[in-house]
Amino acid sequence: MTKTIAINAGSSSLKWQLFEMPEEEVIAQGIVERIGLKDSIFTIKYDSGKKYNKVLDIPDHESAVNDLLEQLLRLNIIASYDEITGAGHRIVAGGEYFKESALVDEEALRKVEELGDFAPLHNPAEATVIRVFQKVLPKTTNVVVFDTSFHATMPKKNYLYSIPFEYYEKYRARKYGAHGTSHRYVSERAADMLGKPLAELKLITCHLGNGASITAVQGGKSVDTSMGFTPLAGVTMGTRSGDIDASLLPYLMKKLNLTDIKEMVDILNKKSGLLGISGISSDMRDLLDVESTNEMAATAIEIFVNRIQKYIAGYVAVMNGCDAIVFTAGIGENSVPIREKIIEGITWFGCKIDSEKNNVHGQERIISTDDSTMKVLLIPTNEELMIARDVERLK
Ligand code: AMP
């Protein structure tokens, strides 16, 4: 029996799924939260329905990985560590080094650490977890899977900013995008659902979760995406502003008496978006609940929908056409009204939503009418499976 673990490590959390491969069956999954804080929370779901929960102090990522592996043994999810032959690690920033997923060696690991400048909260923690895996499971093959690498196919005209070119040459200042594993997964599924080769399709994939990004996928390749140098750019998100005029920053800093640009960027990352506009919540469900009675909740929803519509329209132009729009992630998979609002405002492109087919949560299906020339698809994303597949392919 060979098992592959897909790891998604954040600065204070570690999410994981354990797959039986090549069957692609999830045999256990879980999360360790509040690593490094008091009362870390340890959760494992296994054996189709059993749950293990524990609150304990987990001081760092090394203890988190050790505790996790011990529990897998104790709960008989694995019989020995040797069963875990592969570990896939989600990495936020791959810069220009990593155009695809890669086997971990010392050089790859050093590059992941070096790219900490691009994702200071993520890359260093992710590299730490890989080093712990190398120590605790020395026989396991480690693979790195990057959020950015699906977008490595973007042409220069789409990834360069209109700033002095030497900043790109000297400092690699450019658009990298994110959510690549999700956009890649739903594109492949979309081709299957439409019964056409991916190479012949023009798709616009909308990953709408707490973080949100839109990607133009032509012939299976990302040609443009809404996130930028970091995941702050693009459409309005839960707490992130998305695109704004950079000149607003010095103006607001003066008004707010801020001297450190980091504080301003922090506001754009953590206090803006749906939360900033509504003053109520970053969670779309909370806003939809009060949409009819609270004007600012309704405005936040309108802005969210409007920015997505503009990106979709822009990407129809980027690809000179579009066969299908795909909705995925928390909001995209679950919100019937948001999908409807987005599509209802862009019917000029030939897409029409079927309200009965659209009345569904998290289920893979075509939700446009039969006569819709541009199809609309709902596809639950599965980044962990994509990571496990990459491990299988590379190990
Ligand atoms: P994610 O980051 O993919 O986990 O997505 C989180 C977002 O999905 C939050 O804004 C949630 O409010 C949203 N979400 C989850 N379920 C629903 C739902 N039934 N209706 C609207 N939004 C939802």
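Note that residues are indexed from 1 along each chain, following the sequence as it is written. Two thresholds apply to this predicted model, a pLDDT of at least 70 for residue-level local features and 80 or more for giving and counting side-chain atom pairs, whereas whole-chain, interface and lining totals are computed over all residues. Only heavy atoms go into the side-chain values, all of them from the structure, while hydrogens and water stay out.

(A) Structural context of the pattern of salt bridges. Salt bridges are defined by distance alone: a side-chain nitrogen of Lys or Arg within 4 Å of a carboxyl oxygen of Asp or Glu. Applying the stated criterion across every chain, the model contains 26 salt bridges. Close ionic contact of arginine 90 with aspartate 147 constitutes a salt bridge, the shortest N to O distance being 2.6 Å. Here arginine 90 is found in strand E6 (residues 84–91), whereas its partner aspartate 147 is found in the loop between strand E8 (141–146) and helix H4 (156–159), with 57 residues between them in sequence. Grouping residues by exposure puts arginine 90 and aspartate 147 together as buried. Arginine 285 is the partner of aspartate 283 in a salt bridge, and the nearest nitrogen-oxygen pair spans 3.1 Å. One connected set of salt bridges, linked through shared partners, spans Lys3, Glu20 and Glu83. Strands are runs of DSSP state E lasting at least two residues, helices are runs of H or I lasting at least four, and both sets are numbered from the N terminus onward. Relative accessibility decides the category of a residue: with a 1.4 Å probe and only protein chains considered, values under 20% of the type maximum give buried, values over 50% give exposed, and everything between is partly exposed.

(B) Region of the structure containing the sheet that holds E6. Here eight strands make up an open sheet; going across it, the order is E5-E4-E3-E2-E1-E6-E8-E7 and the pairing mixed. A strand with exactly one partner marks an edge of an open sheet, and here the two such strands are strand E5 (50–56) and strand E7 (102–103). Here a strand pair is declared whenever DSSP counts at least two bridges between the two strands. Examined bridge by bridge, strand E1 (residues 2–9) and strand E2 (residues 14–21) share eight bridges and lie antiparallel to one another. Each bridged residue has a counterpart across the sheet, and for isoleucine 5 the counterpart in E2 is leucine 18. Here, two residues are considered to be in contact whenever any of their heavy atoms come within 4.5 Å of each other. Between the N-to-C directions of two axes lies an angle of 0 to 180 degrees, each axis being a line fitted to C-alpha atoms and, for a helix, fitted only over the stretch in contact. Strand contacts of helix H15 (residues 383–394): E1, E2, E6, E7 and E8, with the helix running at about 55° to E2, the strand carrying the most contacts.

(C) Spatial organisation of the site of the ligand. We define proximity as follows: a residue is near a molecule or strand when any one of its heavy atoms falls within 4 Å of that partner. For the ligand, the full set of nearby residues is Gly209, Asn210, Ser282, Asp283, Met284, Arg285, Leu288, Ala329, Gly330, Ile331, Asn334 and Ser335. Under this definition, polar contacts are N or O atom pairs within 3.5 Å; protein pairs additionally need one hydrogen-donor-capable and one acceptor-capable atom, and for neighbouring residues in sequence, both atoms have to be side-chain atoms. A distance of 3.3 Å is found between an oxygen atom of the ligand and a backbone nitrogen or oxygen belonging to arginine 285. Coverage of the ligand by the protein chains reaches 71% of its 500 Å² of free accessible surface. Counting residues per element, the ones that place at least two in the shell around the ligand are helix H10 (284–290) and helix H12 (329–334). Per-residue and other accessible areas were derived by the Shrake-Rupley procedure at a 1.4 Å probe size, with only the shown protein chains allowed to occlude residues.

(D) How the structure looks around the packing of helix H1 (residues 61–74) against helix H3 (residues 123–136). Interhelical geometry of H1 versus H3 gives an angle of 45° and a closest axis separation of 9 Å. The angle between H1 and H3 places the two elements in the oblique class. For the pair H1 and H3, the sense of crossing is right-handed. For the pair H1 and H3, the contacting residues are His61, Glu62, Val65, Asn66 and Leu69 in the first and Ala125, Thr128, Val129, Val132, Phe133, Lys135 and Val136 in the second. Partitioned by chemical class, the residues of the contact of H1 with H3 number seven nonpolar, three polar and two charged. Should an angle fall under 35 degrees it is called roughly parallel, over 145 degrees roughly antiparallel, and 65 to 115 degrees roughly perpendicular, with every other angle called oblique. Crossing handedness is defined as follows: a turn of the near helix away from the far one that is anticlockwise and smaller than a right angle gives a left-handed crossing, while the clockwise case is right-handed. Classification convention: Asp, Glu, Lys, Arg as charged; Ala, Val, Leu, Ile, Met, Phe, Trp, Tyr, Cys, Pro as nonpolar; all other residues, Gly among them, as polar.

(E) Structural context of the sheet that holds strand E10 (residues 212–218). Read across the sheet, six strands follow the order E11-E10-E9-E12-E14-E13 without closing on themselves; strand pairing throughout is mixed. A strand with exactly one partner marks an edge of an open sheet, and here the two such strands are strand E11 (221–225) and strand E13 (365–366). Looking at chain direction, E13 and strand E14 (residues 375–378) are connected through two bridges and run antiparallel. Bridging across to E14, arginine 365 finds its partner in leucine 378.

(F) Representation of unusual backbone geometry in the model. Looking along the chain, the bond that leaves methionine 21 and enters proline 22 is cis, with omega of 5°. Relative to the helices and strands, proline 22 resides in the loop between E2 and strand E3 (25–33). The phi dihedral of arginine 34 is positive, around 60°, even though this residue is not glycine. Mapped onto the elements, arginine 34 comes out in the loop between E3 and strand E4 (40–46). A relative accessible area of 36% places arginine 34 in the partly exposed class.

(G) Highlighting the pairing of strand E12 (residues 324–328). Where burial is concerned, most of E12 is hidden: five out of the five residues are buried. With burial as the criterion, each face of E12 is covered, one bearing Ala324, Val326 and Thr328 and the other bearing Ile325 and Phe327. Strand direction decides the pairing type here: strand E9 (residues 202–208) and E12, joined by five bridges, are parallel. Bridge pairing in E12 places isoleucine 204 opposite isoleucine 325.

(H) Structural detail: the nonpolar core. Remark: nonpolar core denotes a set of buried residues (Ala, Val, Leu, Ile, Met, Phe, Trp, Tyr, Cys) joined through side-chain atoms within 4.5 Å. Ranked by internal contacts, the top residues of the largest apolar core, which has 40 residues, are Ile204, Leu208, Ile214, Phe304, Ile325 and Phe327. Those elements that provide at least two residues to this core are E9, E10, H10, helix H11 (295–319), E12, helix H13 (336–344) and E14. Considering every element that reaches this core, the biggest residue donor is H11, with eleven residues. Other than its neighbours up to four places away in sequence, isoleucine 214 contacts His183, Ile204, Thr205, Cys206, Leu208, Asp224, Thr225, Ser226, Val235, Ile308, Tyr311 and Tyr315. Core analysis: the next-biggest nonpolar cluster, separate from the first, contains 30 residues, Tyr52, Leu68, Leu75 and Ala87 among them.

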